[in-house]
Each structure stands twice: as C-alpha cells, then as structure tokens.
Amino acid sequence: MMRKDRQTLDNVPRQDEVNSGVGLRIKRLRKEKNISLQELSRVSGVSAGMLSQIERDLANPSLRVLTKIQVALETTAGALFPPENTVEPSVLDPMFVRRKGKRPFCELGYLTKELLSDGAAQRLELMMLHVPPNGSSGAAPLTSPAEKGGLVLAGTILMSVDGVETSLSEGDSFTFDGRLPHSIRNTSGEPVKMLWVVSNFPMERHL
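Residues numbered from 1 in each chain as written. Predicted model: local features only at pLDDT ≥ 70, side-chain atom pairs only at ≥ 80, totals over all residues. Heavy atoms only, no water.

**Q** Report on the overall build of the chain, specifying residues and quantitative values.
**A** When helices and strands are counted, the chain shows five helices and nine strands. Seen in sequence order, the chain has helices and strands lined up from the N terminus as α-α-α-α-α-β-β-β-β-β-β-β-β-β. By residue count, 43% of the 207 residues in the chain fall in the buried class. Relative to all contacts within the chain whose residues are 6 or more apart in sequence, the contacts with residues 24 or more apart total 64%. Accessible area of the chain: about 11400 Å², with a carbon and sulfur share of 52%. (Helix = DSSP H or I, 4+ residues; strand = E, 2+ residues; numbered from the N terminus. Buried < 20%, exposed > 50% of the residue type's maximum accessible area, 1.4 Å probe, protein only. Contact = heavy atoms within 4.5 Å. Areas by Shrake-Rupley, 256 points an atom, 1.4 Å probe, with all protein chains shown as cover.)

This is how it looks when you write it as structure tokens:
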C-alpha cells in the first residue's frame, strides 16, 4: 500500500517543477487584443485592482476568476498555459499530436492543470487535473460556456453540479453543461488525477 501511494505521489508534478506565470500570460493576451485593464475588468466582472495583482503574479486567482478572465478575453484555457515542455529533438510532429514529454503545466496552488490537447485546438480541450488532498476548484462554483466531461483516473473526488453533489472514484466518468454551477473537492487524504474534457461553445464578442 505504501508503495502504491508513493508511486501516485511521484506522478503529481511538484510546484517547483511547474512554470506558473499565469498573470504574465493574461497581461500578454490583454495587450495583444489592445484591451485596457479597466475594460477587461468591466467585461469579466473582476476588479481592476485584482486584475493588476494577478497580472503581476502577486495574487493567485481562483479557477472561477481565471475562467471569467478567459471568457472575457475570448480565448481558450490552453492559451493560459506556459509554452510546452521541451524534449529531445525528434521528427516534427503533426499539428494534431502532443507528445507526453511536451505537455505544459499550469500550477494554480490548489490544483495543477496538465494540457493534453495540441496547440491548434480551439473548441475541444483535453486536460489532466492533479488535485492534492484538500485541493478544490475554489470556494465559489464555476460556470463557463462549454460542455464538460471527464474520467477519474486515480483517487476519489467530490463533484457538485447545479447543487447536486456526488462522490466519484477511479473509473467513474461524467458529463454536464458547464453553464450550470459546478465544483470539485478532494476531501480524501490521497491525490486525485482526472481527465478533464472541455468543449467550448462558440464565443460571442463582448468588447
């Protein structure tokens, strides 16, 4: 049992191995779209002060706040990830492939996202979520214009969708409308690994 736990923990990326910098990528996207901090604040509903702290990496945004910023910027979750990890030089991969050693990570403190889909994906995104003990998607439920689904690969997670909570264990799968309030929490003493699939609805212009 101890050996299995050790192996599970070894598969979770350590925080010092993950290049965070989410705020810097948000700032870059905002400037590329020529959007002021005040305008992004108005559209996202996140205060300009909080946005400023996030962009300077002085505040760690919740998944709910991150989703609101992503939607306001009319971009995908993958755009907030750091550049892909480097691997040994090899034959150039086709656009629809992302090799295991080239997956970028996004460390959010309370969970880690691992991007599985390739850089060309716009509507369909595949991620691996690593949720440590007591980790969660945040204090407030999430909503986003997308269909979501996934599969628990290891551990047990509590999932709530539109006020209905259930426990999911290894091998259990799920699908739901992302516009409904939803959240995940790891109340166990073991890390959780789960496949997370997001099918984004067509984005509407806000700015």
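Next, the rest of the story.
**Q** Give me the lowdown on helix α5 (residues 63-72), citing residues and values where you can.
**A** Most of α5 is tucked away, with seven of its ten residues classed as buried. Against the buried residues of α5 lie α2 (22-32), α3 (37-44), α4 (48-55), β2 (112-115) and β9 (192-200). Of the residues trailing α5, Glu-74 is marked for its positive phi of about 55°.

**Q** Go over the sheet that holds strand β6 (residues 164-169), please, and point to the residues and values.
**A** Spatially, β6-β5-β8 is the arrangement adopted by the three strands of the open sheet, whose pairing is antiparallel. One side of each edge strand has no neighbouring strand; the edge strands of this open sheet are β6 and β8 (182-185). Strand-to-strand twist in this sheet, taken as the mean axis angle between neighbours without regard to direction, amounts to 20°. In terms of strand pairing, strand β5 (residues 156-161) meets β6 through six bridges, oriented antiparallel. What sits directly across from Ile-157, in β6, is Leu-168. (Pairing = 2+ DSSP bridges. Axes fitted to C-alpha atoms, helices over the stretch in contact; angles between N-to-C directions.)

**Q** I'd like to hear about the confidence of the model for the chain, residue by residue, with values.
**A** Scored by pLDDT, the chain has a mean of 81; 81% of the residues are at 70 or more. Note on residues 1-19: pLDDT under 50 across the span, and 17 contacts to partners over four residues away in sequence or across chains. (pLDDT = per-residue confidence, 0-100.)

**Q** Now, about the sheet that holds strand β3 (residues 124-131): what can you tell me, with residues and values included?
**A** On the basis of which strands lie adjacent, the open sheet formed by six strands has the order β1-β2-β3-β9-β4-β7 and antiparallel pairing. A single partner strand is all that each edge strand has here, and the edge strands are β1 (105-107) and β7 (173-177). Here the strands of the sheet are splayed against their neighbours by 20° on average, with no regard to which way each runs. Alignment of β3 against β9, held across eight bridges, turns out to be antiparallel. Bridging across to β9, Leu-126 finds its partner in Val-197.

**Q** Residues and numbers for the layout of surface pockets, please.
**A** Rolled over the atoms, a probe as big as a water molecule pinpoints where empty space is left. Looking at the largest pocket, its volume works out to about 420 Å³. The wall of the largest pocket is formed by 32 residues, among which Thr-67, Gln-70, Ser-144, Lys-148 and Asn-200 lie closest to the centre. Where the lining of the largest pocket is concerned, the elements lending two or more residues are α5, β3, β4 (146-154), β8 and β9. With five residues, the top contributor of residues to the lining of the largest pocket is α5. Class assignment of the residues belonging to the lining of the largest pocket gives a composition of 18 nonpolar, nine polar and five charged. (1 Å grid on protein atoms, 1.4 Å probe; cavity = no way out; pocket = protein on both sides within 12 Å on 5 of 7 lines; lining within 4 Å. Points joined across faces, edges and corners; volume = space filled by probe spheres on them. Nonpolar A, V, L, I, M, F, W, Y, C, P; charged D, E, K, R; others polar.)

**Q** Before we move on, can you summarise the pattern of salt bridges with the specific residues and values?
**A** Scanning the model with the defined rule gives six salt bridges in all. In this structure, the salt-bridge partner of Glu-32 is Arg-28, at a minimum N-O distance of 3.1 Å. Placement of the pair is Glu-32 and Arg-28 together in helix α2, with a separation of four residues, close to one helical turn. By relative accessible area, Arg-28 is classed as partly exposed at 39%. We note a salt bridge from Glu-165 to Arg-185, for which the minimum N-O separation is 2.7 Å. Of the two residues, Glu-165 is situated in strand β6 and Arg-185 in strand β8; the sequence distance between them amounts to 20 residues. Note on Glu-165: relative accessible area 47%, which makes it partly exposed. Arg-185 sits in the partly exposed class, given a relative accessible area of 34%. (Salt bridge = Lys/Arg side-chain N within 4 Å of Asp/Glu carboxyl O.)

**Q** Describe the environment of Arg-42, listing the residues and the values that go with them.
**A** Of note, Arg-42 is situated in helix α3. Residues Arg-42 and Ala-72, 30 residues apart in the sequence, show an inter-C-alpha distance of 9.1 Å.

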